[in-house]
Amino acid sequence: MATSKKVTAKTKVKSKSKAASKKVAKLKAKKSVAKKAVANGLPKASTKPYGQAGKALEGVRILDFSHVQAGPTCTQLLAYMGADVIKVERPGVGDITRGQLRDVKGADSLYFTMLNGNKRSITIDSKHPKGKEILDRLIKHCDVLVENFAPGTLDRMGLTWEHIHKTNPRMIVASVKGFGPGPYEDCKVYENVAQCAGGAASTTGFRDGPPLVTGAQIGDSGTGLHLAFGIVSALYQRIRTGRGQRVLCAMQDGVLNLARVKLRDQQRLAHGPLTEYSQYGEGIPFGQAVPRAGNDSGGGQPGWILKCKGWESDPDAYIYFITQAPVWGAICDLIGKPEWKTDPDYATPPARLPRLRHIFDTIEQWTMTKTKFEVMDICNAVDIPVGPILSMKEIAEEPSLRKTGTVVEVDRGNPR
């Protein structure tokens, strides 16, 4: 991943507009990336080594009006793929996240830098005539406009779909909203609101406890992922149609798509109990909606989080253990219960369902004698699927993630 570019904020709106105008005036016409076509209409295969033939989205220019997390996640992904992202920020303040959760005085916050690497930033006063002129010039030169304003904001800025399409018929306008068209479309939505409205919170947590939101940013970043896919699809379709289009991604829709296995279970519930849920084995009846199921697996293979050696002092000394049917025999051998392989009460998946709590309690007696990494090594050797509960500290320091570039360190610039 490339490093983010340092942006120095200016203090006067007037000077910003001039600086932005000067910068925009130097925008050059994009070079055509098309190669000489062969008989099937496709470019001739490159002879350059893989990784040296340019990035996938080189030549694509993004006008980024987005802020906070959902939109910036989308545009950062496009930037990583080679797109030239021009981030438009508010005069005098910039993106609100520059100052949120700041850990180094005078420096942009990690919240901002984490979501805005590989972008160029400018400030424009959209209410000033010169600012409006600059925006029109940018629209004319760019391929995609991305925004996550409140509904109607873009129109009030004078940037209606009709105006944009007239200025640049090839422009793709991509938007993140909280809800799609309907009774809630004007409601303000943030990460946890989206999780609650999209069905994630009602199905997360333990059966006897309240709904819970997850630590993963499935509402904001998850929606940004969906929007990026929509944009790339629209760009590809434009090759055939020659025109742009609007792309809308609602946060509620994005969360629901990521929680779709629970919607699947809602449909199944109409035809009988969900037998892979632990409450089935405990004889607890199901209600009309999919229940919270603690650490039950979302698939057809029972699983649970179990304590490992050191759990008394280490809050992350746990492992997720799946009792996958094909390796049931290996599990029995590891935990010292070889008789379970032939015992009719344990030998088959249906027979085990009413006894899952006892089975996992027994496996836990074994996992508590070993560290989570020892359990992982032993189980992987015999193809038993397990996963250690890794803390953020462990993940940040994991050498393999740095070697692959999943976790990188970049200079975010000197404090101002």
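Residues numbered from 1 in each chain as written. Predicted model: local features only at pLDDT ≥ 70, side-chain atom pairs only at ≥ 80, totals over all residues. Heavy atoms only, no water.

Caption draft 1: Fine view of the environment of Thr-404. Summarising the element assignment, Thr-404 is placed in the segment after helix 17 (399–403). A distance of 3.2 Å separates a polar atom in the side chain of Thr-404 from the backbone oxygen of Leu-401. (Helix = DSSP H or I, 4+ residues; strand = E, 2+ residues; numbered from the N terminus. Polar contact = N/O pair within 3.5 Å; in protein donor to acceptor, adjacent residues only side chain to side chain.)

Caption draft 2: Expanded view of the pattern of salt bridges. Summed over all chains, the structure comprises 20 salt bridges. Note that Lys-177 and Glu-147 form a salt bridge whose closest N and O atoms lie 3.0 Å from each other. Linking Lys-177 in strand 5 (residues 172–177) with Glu-147 in strand 4 (residues 144–147), this pair joins segments that are 30 residues apart in sequence. A salt bridge links Asp-265 to Arg-268, with the nearest nitrogen and oxygen atoms 2.8 Å apart. Taken together, the residues span about one helical turn, with Asp-265 and Arg-268 both in helix 10 (residues 260–269) at a distance of three residues. (Salt bridge = Lys/Arg side-chain N within 4 Å of Asp/Glu carboxyl O.)

Caption draft 3: Spatial organisation of the nonpolar core. One finds Ile-62, Leu-78, Ala-83, Val-144, Val-146, Leu-227 and Ile-231 to be the most contacted residues of the largest nonpolar core, which totals 28 residues. Every element with two or more residues in this core is listed here: helix 2 (70–80), strand 4, strand 5, helix 8 (220–241), strand 6 (246–250) and helix 9 (251–258). Counting residues per element, this core draws most heavily on helix 8, which supplies five residues. For Val-146, the residues in contact, after removing those within four places along its chain, are Ile-62, Leu-63, Asp-64, Phe-65, Ser-66, Thr-75, Ala-174, Leu-227 and Ile-231. Judged by nonpolar contacts, the second largest core, of 22 residues, contains Trp-304, Leu-306, Trp-340 and Tyr-346. (Core = buried A, V, L, I, M, F, W, Y, C linked by side-chain atoms within 4.5 Å. Buried < 20%, exposed > 50% of the residue type's maximum accessible area, 1.4 Å probe, protein only. Contact = heavy atoms within 4.5 Å.)

In short, shape yes, function no, at least from these values alone.
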